[in-house]
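What the coordinates show
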Amino acid sequence: QVRLVESGGGSVQAGGSLRLSCVLAGTSSRNDCVAWFRQAPGKEREGVAAIYTVGNNLYYGDYVEGRFTISQDNAKNTIYLQMNSLKPEDTAMYYCAAATFCIAVQALDDAEYDYWGQGTQVTVSS
């Protein structure tokens, strides 16, 4: 079974940066999409960034475009989310996810994903 473990969350002042990591381990032979989602208290889960691994296509939510960067190190089997220029509204629990099969244009849709990490908290203070 695929397992995902996030790390790198913490507290930072507005304008600061954090880098999240997600180690993916398991016996699955493919993961068409990998992604980061986030959920703030009382809010719906939303897609932050995703990679369609088949073509190495990147997708970002409108609210993080230009500030966050998703990347993958295949040798380390690790997904990263570099977050710059953080804002208080970025405060949320951040989850990494992997999809065995995924349609590229739906890479930011949480319904595509089979496997989820436990989450790492990001708190941005003003």
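It is worth spelling out the pairing of strand β6 (residues 57-60) at this point. Bridge count for strand β5 (residues 46-52) against β6 is four bridges, and the pairing is antiparallel. Across the sheet, the residue bridging to A50 is Y59, located in β6. Two successive antiparallel strands, β5 and β6, enclose a turn made up of four residues, where N56 displays a positive phi of approximately 55°.

In this section: the packing of aromatic side chains. What characterises a pair of aromatic rings is the spacing of the ring centres plus the angle enclosed by the ring planes. Within this structure, the stated rule accounts for three aromatic pairs. Seen from their ring centres, F37 and Y113 are 5.2 Å apart, and the 75° between their planes marks the pair as edge-to-face. Of this pair, F37 sits in strand β4 (residues 33-39) while Y113 sits in the loop between β9 (92-99) and β10 (115-116), and the two are 76 residues apart along the sequence. We note that F37, like Y113, is buried. Plain terms: the ring middles of F37 and W116 are 5.0 Å apart, the flat faces sit at 50° to each other, and that makes the pair tilted. Of the two residues, F37 is situated in strand β4 and W116 in strand β10; the sequence distance between them amounts to 79 residues. Each member of the aromatic cluster is reached from another via a ring pair, and the members are F37, Y113 and W116. Here the guanidinium or amino end of R45 rests over the ring plane of W116, the centre of that ring lying 4.1 Å away.

Scoring rules and cut-offs
Residues numbered from 1 in each chain as written. Predicted model: local features only at pLDDT ≥ 70, side-chain atom pairs only at ≥ 80, totals over all residues. Heavy atoms only, no water. Pairing = 2+ DSSP bridges. Helix = DSSP H or I, 4+ residues; strand = E, 2+ residues; numbered from the N terminus. Phe/Tyr/Trp six-rings, centres within 6.5 Å; stacked < 30°, edge-to-face > 60°. Buried < 20%, exposed > 50% of the residue type's maximum accessible area, 1.4 Å probe, protein only. Lys NZ or Arg CZ within 6 Å of the ring centre and 35° of its normal.

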